[in-house]
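Topology and contacts: notes
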Amino acid sequence: MMNSIAQMGEALADFIERHPKLWVITGAGVSTDSGIPDYRDADGQWKRPPPVQHGDFMASIAVRQRYWARALVGFKAMREAQVSGAHRALAALESMGHIELLVTQNVDRLHQRAGSRKVVDLHGRADIVACLSCGYQMMRHAMHSEMATMNPYFTTLDARHAPDGDADLETDFSTFKVLDCPRCRGILKPQVVYYGDVVPPARRLAAQAGLENANAVLAVGTSLMVYSGYRFCRDAHAMGLPVASLSLGVTRADTLLTHQWRAPITPVLEHALKVLRFSSTLVSTTG
Ligand SMILES: [Zn+2]
C-alpha cells in the first residue's frame, strides 16, 4: 500500500517521466495554502452556501449590492495571497519541460505569479472587472477603492473571508452604492465565469487544443465537481489518455482515474520534483 508522502512523490515522478507532455488542471486546493478559502470538503460537498449565480447577479440590484459589499471585505484574502509551494512546484515542472498546458479553475492568477507561462484561466480572473454592456474594463482594486469612498460605513465592517473574494458578512445591504460603468452606466462584473455562466468558447478551445498535444492528464487540488473542468477528464479518458489525480479528497472523475494520490498537494509535488531533478542529474552525468 502506498501511503507515505515520499512513496506518493516517487509514484508521481514516475508518472511524469512516463508522460512527458502533461495536461494539468488545477483547482482551489492549490490555493488554500495561499490563504484563499475553498468551497468544498474532502467529500466534494459544499462547506458553505453555493456562490452567486450569473442570472441572479444580472437580474437583481439587491444581489449586486450584497455581492460588492461583501467583496469589499473578502477580496483582501485574494489581494494579499502569496504563491504557495504547490504553485512554485508546478511552475518548476513547466520550466523543466514537463507541462504542455496548465488549465486552472482558479481566478487568483497565482500560477502566473509563481512563473507558469502556459496557463489557461478557464474561469477567468478576479482582478479585472468589465462592463457587460460596452466592454469597458478596469482593475478590480480601482473599483473597490471607488466603492470604499462611496460607502465609508461598509469599510468599517469585518467578517470571515470566503472563497472568490466573498465574506461571511450579513447586514442591511440596501444602502450600499454600487459603482456602474464610468462610460455607459452599465453593470460591472468581475471577469469571472460564475456558476450558471458559460466558459467563453475561445478559452475552451485553447484548453482542448492542449489536450490533443498531451499524453496524460494530471488533476491537482480539484474535486472536478464543476462540469467545465470535469468534461476535459472525461474527454481525455475517451481519447485513451491516463488521468491522474493528486488531491486531498474524492473527485467526480474517480471512476476514470488511472492513478490517484489522496494526500496534501505541496509535499507530494515537492518530493516528485526532487526525484525528477535527481534523475535528470543522473542522465546528464552518465549520458
Ligand atoms: Zn459600459
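Structure: above.
Description of the structure in this document. (Residues numbered from 1 in each chain as written. Predicted model: local features only at pLDDT ≥ 70, side-chain atom pairs only at ≥ 80, totals over all residues.)

Another aspect to go through is the nonpolar core. Core analysis: the biggest nonpolar cluster contains 68 residues, and Val 24, Val 217, Leu 218 and Val 268 have the highest contact counts within it. Broken down by element, the residue count for this core peaks at nine residues, all from helix H3 (residues 61-79). (Core = buried A, V, L, I, M, F, W, Y, C linked by C-beta atoms within 7 Å. Buried ≥ 20, exposed ≤ 12 C-beta atoms within 10 Å, placed from the backbone. Helix = DSSP H or I, 4+ residues; strand = E, 2+ residues; numbered from the N terminus.)

In a beta sheet, neighbouring strands are held together by backbone hydrogen bonds and run either parallel or antiparallel to one another. Spatial ordering of the open sheet is given by S3-S2-S1-S9-S10-S11, a layout of six strands whose pairing is parallel. Each end of this open sheet is capped by a strand with a single partner; those strands are strand S3 (119-121) and strand S11 (259-262). Averaged over all adjacent pairs, the angle separating strand axes in this sheet is 15°, with direction ignored. In this sheet, S3 lies alongside strand S2 (residues 99-104) in parallel orientation, the contact comprising three bridges. For Leu 102, the partnering residue across the bridge sits in S3 and is Val 119. Of the strands in this sheet, strand S1 (22-26), S2 and S3 touch helix H7 (residues 201-213), which is tilted by about 145° from S2. (Pairing = 2+ DSSP bridges. Axes fitted to C-alpha atoms, helices over the stretch in contact; angles between N-to-C directions. Contact = placed C-beta atoms within 7 Å.)

Attention now moves to helix H8 (residues 227-238). With 12 residues, H8 should cover 16 Å at 1.5 Å per step; its first-to-last C-alpha distance of 16 Å lies within 8% of that length. For H8, every residue scored as buried is listed here: Gly 229, Phe 232, Cys 233 and Ala 236. Along the long axis of H8, the arc covered by the buried residues comes to 95°, so they all point the same way. What points out from H8, more than 90 degrees from its buried face, is the exposed set Tyr 227 and Ala 238. Looking at the buried positions of H8, the neighbouring elements they touch are S1, H7, strand S9 (216-220) and strand S10 (243-247). Looking one or two residues past H8, Gly 240 carries a phi angle of roughly 85°, positive in sign. (Expected span 1.5 Å × (residues − 1). Arc of directions from axis to C-beta.)

With that settled, consider helix H4 (residues 85-95). With eight of 11 residues buried, H4 is to be regarded as a mostly interior element. Turning to H4, its buried residues are Ala 86, His 87, Arg 88, Ala 89, Leu 90, Ala 91, Leu 93 and Glu 94. Gly 97 sits one or two positions beyond H4 and adopts a positive phi of about 90°.

By themselves these figures say nothing about function.
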